[in-house]
Every structure is written in C-alpha cells, then in structure tokens.
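In case you want the letters, here they are:
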Amino acid sequence: MLDRRLFMGGAAALIASQNRLMAAQNGSGAGLDIALVNGSFWTGVPGAARVNAIGIRGDRIAALGADQVKAMATRGTQIVDLNGAFGMPAFADGHTHFLKGSAELTQPDLLSATSRADFAARLGAAARARPGKWILGGSWDEQRMGGQLPTHEWIDAVTPDTPVAVPRTDLHSYLLNSVALKLAGITRDTPDPAGGMIIRDAQGNPTGVLKDNAKALVERVIPPMSEEDTDATMLKGIQHGLSKGFARIHNPEISWEVLPALRRLHARGLVDQRFYCFVPIQDQGKLLDIIKSDGRGDDWLRWGGVKALADGSLGARTAAFFEAYADAPEQKGLWVTQPDELHHLIAEADAHGLHVATHAIGDRANEVVLDIMRDVAAANGPRDRRFRIEHAQHVRLSDIPRFAQQNVIASVQPFHAIDDGRWAVKRIGQQRLAGTYAFRSFFDAGVKVAFGSDWPVAPLDPFIGISAAVLRQTIDGANPGGWLPNQKVTVEQSMHAYTWGNAYSSFMEDRAGLLAPGYYADIAILDTDLLAVAPEKIAATQVLKTIVGGKTRYQAG
C-alpha cells in the first residue's frame with residue numbers, strides 16, 4: 001500500500017478542490033474538447049477509486065467519470081473510445097542526460113558486447129561507416145566483457161584514423177583510443193587532475209581510460225555538435241520518450257548542452273514533452289542572469305535548478321565510502337567536488353533561491369551531503385527548498401530517516417539495482433549492502449521518492465524501471481527471487497514515484513502527476529493494466545497513446 005504520509009495530508013485538500021472545481025464547471029455550461037471513454041483509469045489520488053472516463057478542456061482535465069463527462073460533453077466534443085484500455089498519469093523521468101541519450105539512439109551498440117573481440121568489431125564497423133569522425137557512443141561495461149577494463153590497445157587497430165572517446169555505462173569514465181589520446185595531449189607525464197584519474201599501465205603509460213574530472217582533458221578537444229544537429233538529435237529523443245509514455249523529463253545535467261537547445265526548440269513550438277532543466281552549480285551566476293532577464297520558463301520548459309557532483313561511481317571505484325573498496329583496499333573513492341567547496345556552492349545557490357540537486361553515490365558522500373544540506377537550511381532559514389540527492393545509492397541505514405526529517409528527495413534509478421547487483425558485492429562486500437538501492441527503506445521512512453532512469457546509463461523506459469523496483473531480478477538472471485529482496489517495493493509505489501514523486505520533486509504536484517480536475521491532461525494509455533498483471537509481465541508493456549497538454553503526441557501504429 002502507498003504510504004499516505006508521502007502526501008502530508010494533502011489528499012483531502014486535493015479532493016475538496018476537485019469537488020469545488022467540478023461544481024463550478026457543471027454550473028458554467030462549459031463543454032469538453034475531448035472525452036476519453038470506456039477506459040480504466042488509475043488516477044494516482046490516494047484512496048480514490050478508478051474512473052472509466054476523463055473529460056479534457058484545453059490542456060487540463062475538466063471531468064472524471066462517465067456521469068461527469070456525459071453531463072459536460074457537447075456536440076463538439078471529440079469522443080475517444082479506449083476499448084477498455086488502462087490509463088494513468090503520464091510518466092515523468094526524474095534523472096536523464098537527455099542529449100547524450102538521444103545521441104545514442106544512432107550510435108553503435110557497445111553495451112551488449114560480450115568480449116574484447118566483439119567490442120572491437122563494433123567500434124571498427126562504426127569507424128568504417130564514419131571515417132575520421134569522432135565516435136562518442138554508445139556506452140560500455142567491462143563487467144559484461146569479463147571484468148577487465150578495456151584499453152586503447154583493444155581498439156587501435158580497427159580505429160587507426162578515427163578518434164574514439166566512448167563512455168562507460170555510468171558516464172563516469174571514458175575509453176580513448178591512441179588517436180584521441182594524442183589529440184587530447186595526454187601522455188605519461190600528464191598529471192591526474194583534482195577529482196579525476198588517468199588509468200595507467202605498469203610502465204606508467206595511459207591505458208586510455210579517464211575517470212571523472214579527468215574526462216575534461218578530452219572533452220575540451222571534442223568538436224561541439226552544431227545547433228542544427230543538436231536540435232535534430234533532441235527531437236529524436238523527444239519522440240522516443242513519448243513512445244514510452246513520458247510527458248515530463250528532468251535533466252539534472254553538469255553541462256549547458258540541453259537547455260539552450262530546448263529553448264530554441266520551444267521558441268519554434270517543437271517541444272512536445274515538458275522539461276525541467278538543471279545546469280552546473282559552478283555556473284549559477286550565469287543561470288541567475290538568465291532568470292533575471294527571462295524568468296524561469298513555463299510548464300513546457302522550466303529552469304532554475306543547479307546540479308552538484310559530490311563523488312564518482314561504484315563501477316569506477318570513485319564513489320566516496322567510509323571504508324575501503326573490498327576489491328581495492330587502497331581506495332575509498334574520491335571527491336569530484338571537495339566538501340568545503342560543495343558546502344559553499346550549495347549555500348550560495350540556495351541563498352539565491354535556486355533548486356539544488358546533488359549527485360551522491362557512496363555512503364560517505366551521502367552523509368556529507370545530508371550534513372551540508374542540513375547546515376545550509378539552518379543558515380539560510382526556512383523555505384520550501386526541496387533539496388534532491390541524485391542516486392542516493394549507498395546510504396547508511398541510520399541516515400535514511402534523515403531524508404524525511406530534512407525533506408530531502410531521494411531521486412533514484414531502479415534499473416541500476418538490477419545492473420549493479422551483478423557485481424556490487426565485489427566492490428564493497430556483503431555486509432555493506434544493507435543500505436544499497438534501499439527503495440523500500442526510503443518508502444517505509446516516509447521519504448519523498450522520485451524514480452528515473454539516468455538515460456543513457458539505463459533505458460528510458462518506465463516499465464523496465466517498475467519491473468526492476470518490484471522484482472529486483474538482476475539482468476544476468478542470477479537472482480530470480482530478487483537481489484536484496486527486502487528492498488522490493490510495490491507496483492503502486494513505483495507508479496507514484498514515476499508520476500507524483502517527480503511532480504513533487506519539481507514543484508509541480510499542484511498541477512501534474514495525478515489525474516484530477518484542474519490538472520494538466522498528461523495521460524498515458526497502455527495495453528496492460530499495471531496493477532492487475534503479473535509483475536513479471538510489466539516490462540513488456542506497450543504504450544498505445546501519450547497525451548500531453550490535452551493533445552495526442554504519440555499514438556502506436
């Protein structure tokens with residue numbers, strides 16, 4: 001069952017406001033533009049029964065249930081018969097790298113490579129297809145290729161004239177070939193930057209793998225995409241997201257690639273999904289200048305959030321832990337941003353009213369970030385700030401209640417649990433897994449939880465995400481009963497985290513994330529009743545129709 005504490009008593013006020021709105025509408029004589037009838041709608045409102053029809057006026061929901069819809073329909077109302085299909089609030093993804101994900105739709109598939117030879121062959125084919133042009137995707141995972149980190153020697157022979165800088169699946173490492181190493185000027189004498197690592201062989205020569213802040217060494221020489229290519233790539237991503245039932249996308253990014261592209265597309269009326277954009281916290285002055293001149297956007301494209309990075313990733317052994325890595329006793333991770341600097345940046349951004357989201361993976365990073373957020377809130381005074389911790393991946397059990405106590409949102413990604421669950425024990429040992437991807441513990445503690453994908457690290461697909469959260473079956477098939485099964489959550493909890501949870505985490509819960517009068521008509525129509533089907537079948541769900549702002553933006557077939 002859904003924990004009603006998540007709604008802080010707001011359900012009664014919501015339902016009362018619905019009743020007042022419906023009464024006013026019924027007395028106004030206003031009609032409906034669209035009536036969705038003969039459906040089975042989960043509204044997301046706590047305790048509310050399903051409804052069989054929804055009436056839409058403009059971009060908002062105006063009526064719920066066949067009686068209300070019939071009373072408000074007019075001769076001009078478009079009647080859409082859903083033939084019993086399941087409907088729900090359209091999904092939101094709380095954490096994407098949207099341009100990177102969109103670009104990978106047309107990049108070589110490296111993630112499914114199962115051997116060194118297979119990996120090299122795929123990159124070689126991409127190099128022959130695009131001779132001389134940088135190859136920047138897809139992403140790789142050494143755990144699927146035997147566990148050994150790749151090196152430039154794996155791929156130099158098949159990419160002799162083509163620079164390669166492809167990311168690890170967690171986006172915290174790159175693999176470069178020799179061409180890219182030369183262009184970036186990286187040699188055995190290049191020092192590790194603060195918060196980053198250049199992986200070297202026994203002779204001290206770069207292997208081609210750059211971790212965290214070391215990625216900047218090559219990023220500075222990669223030619224930027226043209227505005228035309230960027231915009232076209234974003235449009236492909238938008239259509240892909242709509243096909244998965246997403247009406248809203250959050251982009252907690254550490255670059256400025258996405259927001260300018262979306263502003264260009266929005267000015268042309270081409271943004272068919274709602275976006276909430278974050279930019280690097282180090283650039284908050286630039287963002288404040290935009291807010292001063294242009295405001296914070298609208299409900300199709302909003303900005304005003306900043307993203308900070310505390311540590312790295314578990315896969316790269318750069319997540320910051322209190323104890324050393326089990327498979328690397330000399331390492332405890334690293335700080336991408338030193339704690340003192342992190343405190344300064346978060347305090348400054350919060351003082352200016354910006355919404356702060358902070359990446360934290362390791363248990364030490366999560367505790368330090370919680371401490372900083374506590375101290376900043378106390379220093380800057382009470383307000384509805386809704387701090388977010390992105391990933392909240394490994395958290396001491398004693399720190400989990402602090403998320404609720406401090407009203408810090410856990411912005412988490414279920415697919416990572418069934419991906420990392422194949423090998424996480426190698427990194428930190430069995431005893432330290434207790435607070436790993438602790439979704440059930442978050443819900444039980446009354447924490448606000450928002451689900452996302454981290455696309456392209458994981459698929460932009462809510463059904464795969466729900467399946468991962470509910471079943472926790474690792475992708476290697478080794479845990480049919482679930483990995484850390486005590487952290488399984490219910491289907492309905494997962495649906496709320498993908499809808500209302502993300503609405504709350506972006507200050508939109510008064511108009512999005514539920515099917516209720518006055519809320520945006522953002523609706524997903526599915527071929528599967530998620531609450532009635534066996535959980536094992538949820539991942540195969542298909543979207544029949546995605547409605548955003550009262551308009552059908554995607555229709556199957």
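Residues numbered from 1 in each chain as written. Predicted model: local features only at pLDDT ≥ 70, side-chain atom pairs only at ≥ 80, totals over all residues. Heavy atoms only, no water.

**Observations concerning the confidence of the model for the protein**
Any region with low pLDDT has predicted coordinates that should not be read closely.
In step 1: For the protein, per-residue confidence averages 95 on the pLDDT scale, and residues scoring 70 or more make up 95% of the total.
In step 2: Contacts from residues 22–28, a stretch scored under 50 in pLDDT, to residues over four places away or in other chains number eleven contacts. (pLDDT = per-residue confidence, 0-100. Contact = heavy atoms within 4.5 Å.)

**Comments concerning the environment of Gly295**
In step 1: With respect to the element layout, Gly295 can be found in the loop between helix H10 (284–294) and strand S14 (301–309).
In step 2: Its relative accessible area of 25% is what places Gly295 among the partly exposed residues.
In step 3: With 163 residues separating them along the chain, Gly295 and Ala458 place their C-alpha atoms 33 Å apart.
In step 4: Excluding anything up to four places from it in sequence, Gly295 contacts Ile290 and Trp303. (Helix = DSSP H or I, 4+ residues; strand = E, 2+ residues; numbered from the N terminus. Buried < 20%, exposed > 50% of the residue type's maximum accessible area, 1.4 Å probe, protein only.)

**Thoughts on helix H4 (residues 116–129)**
In step 1: For H4, with 14 residues, the first-to-last C-alpha span of 20 Å sits near the 20 Å given by 1.5 Å per residue.
In step 2: If you check which residues of H4 are buried, you get Phe119, Ala120, Leu123, Gly124, Ala126 and Ala127. Along H4, the residues classed as buried sweep out an arc of 160 degrees about the axis, all on the same side. Facing away from the buried side of H4 by over 90 degrees, the exposed positions are Ala117, Arg128 and Ala129.
In step 3: Structurally, H4 contributes buried residues whose contacts are with helix H5 (152–155), strand S8 (165–167) and strand S9 (173–176). (Expected span 1.5 Å × (residues − 1). Arc of directions from axis to C-beta.)

**Let's talk about the environment of Asp527**
In step 1: Among the structural elements, Asp527 can be located in the loop between strand S19 (523–526) and strand S20 (543–548).
In step 2: Residue Asp527 is classed as partly exposed on the basis of its relative accessible area of 43%.
In step 3: In sequence terms Asp527 and Arg263 are 264 residues apart; their C-alpha atoms lie 34 Å from each other.
In step 4: Setting aside chain neighbours within four positions, we find Asp527 in contact with Thr541, Gln542 and Leu544.
In step 5: A distance of 2.9 Å separates a polar atom in the side chain of Asp527 from the backbone nitrogen of Gln542. (Polar contact = N/O pair within 3.5 Å; in protein donor to acceptor, adjacent residues only side chain to side chain.)

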